[in-house]
Amino acid sequence: FDWFKGHGACSDLKAALGGIDLSRFGGAKYFMCGECNRPTSEDYHEHMRKKHKGQAPSSQAPDALSMQQVLQIADGTRYPAITVYTLESPVFLESNKSMREWKQNPAPFRPWKDFAYLLDFELRQMDPFIGHTYRAVDFHVSTGLYRSGSVVTWNQPLSASTDPRACREFLSVKGGAGTGPTGTIF
């Protein structure tokens, strides 16, 4: 992969991500839910009300998500870089952006390069999957952009589900009463 030409192997996720400050990337909007043991960008009080009925939320929202908290979740997992990549956090958003734009703007990719290397390595270790998967985005994609049955290559890893119903949560809800989710499901 051109990303990794001349790149020495990095085998430590903590070394790859430890120097990245999530607050630089909107990390303040994320927090670690102590009940779910996962990060989220949902409003704290709304999250506690919806997901943890009966739990009395603190009147004060928890501190902003830190990279240390993200790394603790991945510690001891089989695929730690994939675990971090799939969390709802700025890591996914910012590393994806840097991977998408690395040719046009290589500087933002540099701090993510070791993480991208580990992620690529772990993805190649996984068993292949053959079958139908579904992905959703919260905006409309022109029908002429992707032909049905065509192969699409994106410049960064993507998440997908074998259950098309899982895509609904990634669609946006706009408008008033009676308006359903909008976006595109691939």
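Rules of the game
Residues numbered from 1 in each chain as written. Predicted model: local features only at pLDDT ≥ 70, side-chain atom pairs only at ≥ 80, totals over all residues. Heavy atoms only, no water. Helix = DSSP H or I, 4+ residues; strand = E, 2+ residues; numbered from the N terminus. Buried < 20%, exposed > 50% of the residue type's maximum accessible area, 1.4 Å probe, protein only. Contact = heavy atoms within 4.5 Å. Areas by Shrake-Rupley, 256 points an atom, 1.4 Å probe, with all protein chains shown as cover. Core = buried A, V, L, I, M, F, W, Y, C linked by side-chain atoms within 4.5 Å. Polar contact = N/O pair within 3.5 Å; in protein donor to acceptor, adjacent residues only side chain to side chain. Phe/Tyr/Trp six-rings, centres within 6.5 Å; stacked < 30°, edge-to-face > 60°. Expected span 1.5 Å × (residues − 1). Salt bridge = Lys/Arg side-chain N within 4 Å of Asp/Glu carboxyl O.

**Comments concerning the overall build of the chain**
From N to C terminus, the chain includes 6 helices and 6 strands. Tracing the chain from N to C terminus, the helices and strands come up as α-β-β-α-α-α-α-α-β-β-β-β. Relative to its full complement of 186 residues, the chain shows a buried share of 32%. Residue pairs in contact within the chain that sit at least 24 positions apart in sequence constitute 67% of those at least 6 positions apart. Summing over all exposed atoms, the chain offers an accessible surface of approximately 12,200 Å²; the carbon and sulfur share of this is 50%.

**A few points about the environment of Phe139**
For Phe139, the location among the structural elements is in the loop between β3 (136-137) and β4 (172-173). Its relative accessible area of 46% is what places Phe139 among the partly exposed residues. Each C-alpha atom, one on Phe139 and one on Thr182, is 6.8 Å from the other, the two residues being 43 residues apart in sequence. Phe139 has contacts with Gly183 and Thr184, leaving out every residue within four places of it along the chain.

**So, the nonpolar core**
Counting 29 residues, the largest nonpolar core has Leu13, Leu17, Met67, Val84 and Phe115 as the members making the most contacts within it. Counting only elements with at least two residues in this core, the list comes to α1 (13-17), α3 (67-74), α4 (80-86), α5 (90-100) and α6 (113-125). If we ignore the near neighbours within four places in the chain, the residues touching Leu17 are Met67, Leu71, Val84, Trp112 and Phe115.

**Re the side chain of His52**
Along the polypeptide, His52 turns up in the loop between α2 (44-51) and α3. Of note is the side chain of His52, whose polar atom sits 3.3 Å from the side chain of His47.

**Describing the packing of aromatic side chains**
Counted by the stated rule, this structure contains 3 aromatic pairs. Between Phe31 and Tyr44, the aromatic rings sit 5.4 Å apart at their centres with planes inclined by 80°, giving edge-to-face as the arrangement. Within this pair, whereas Phe31 is found in strand β1 (residues 31-33), its partner Tyr44 is found in helix α2, the two being separated by 13 residues in sequence. Tyr44 shares its class with Phe31; the two are buried. For the ring pair Trp112 and Phe115, a centre distance of 6.3 Å and an interplane angle of 70° mean the geometry is edge-to-face. An identical accessibility class is assigned to Trp112 and Phe115; each is buried.

**Things to note about unusual backbone geometry**
Trans peptide bonds make up the majority, and among non-glycine residues the majority have a negative phi. With a phi close to 55°, Asn37 is a non-glycine residue in the positive phi region. With respect to the helices, strands and loops of the structure, Asn37 is situated in the loop between β1 and β2 (38-40). Asn37 gets classed as exposed once you look at its relative accessible area, which sits at 54%.

**Some details on α6**
Here α6 contains 13 residues, and its C-alpha end-to-end distance of 19 Å stays within 8% of the 18 Å for a straight helix at 1.5 Å per residue. Buried residues of α6: Phe115, Ala116, Leu118, Leu119, Asp120 and Glu122, and no others. The secondary structure elements touched by the buried residues of α6 are α1, α4 and α5.

**Details of the pattern of salt bridges**
Once the charged atoms of two side chains with opposite charge are near each other, the side chains can pair. All told, the structure shown has 7 salt bridges when counted by the stated rule. Salt-bridge contacts for Arg38 lead to Glu88; the nearest nitrogen and oxygen are separated by 3.8 Å. Residue Arg38 is found in strand β2, and its partner Glu88 is found in the loop between α4 and α5; the two are separated by 50 residues along the sequence. One salt bridge in this structure joins Lys50 and Glu46, with 3.8 Å as the shortest N-O distance. Here Lys50 pairs with Glu46, and both are found in helix α2, just 4 residues apart, close to one helical turn. The class for Glu46 is partly exposed, based on a relative accessible area of 30%. Several salt bridges share partner residues, and in doing so they unite Glu46, Arg49 and Lys50 into one network.

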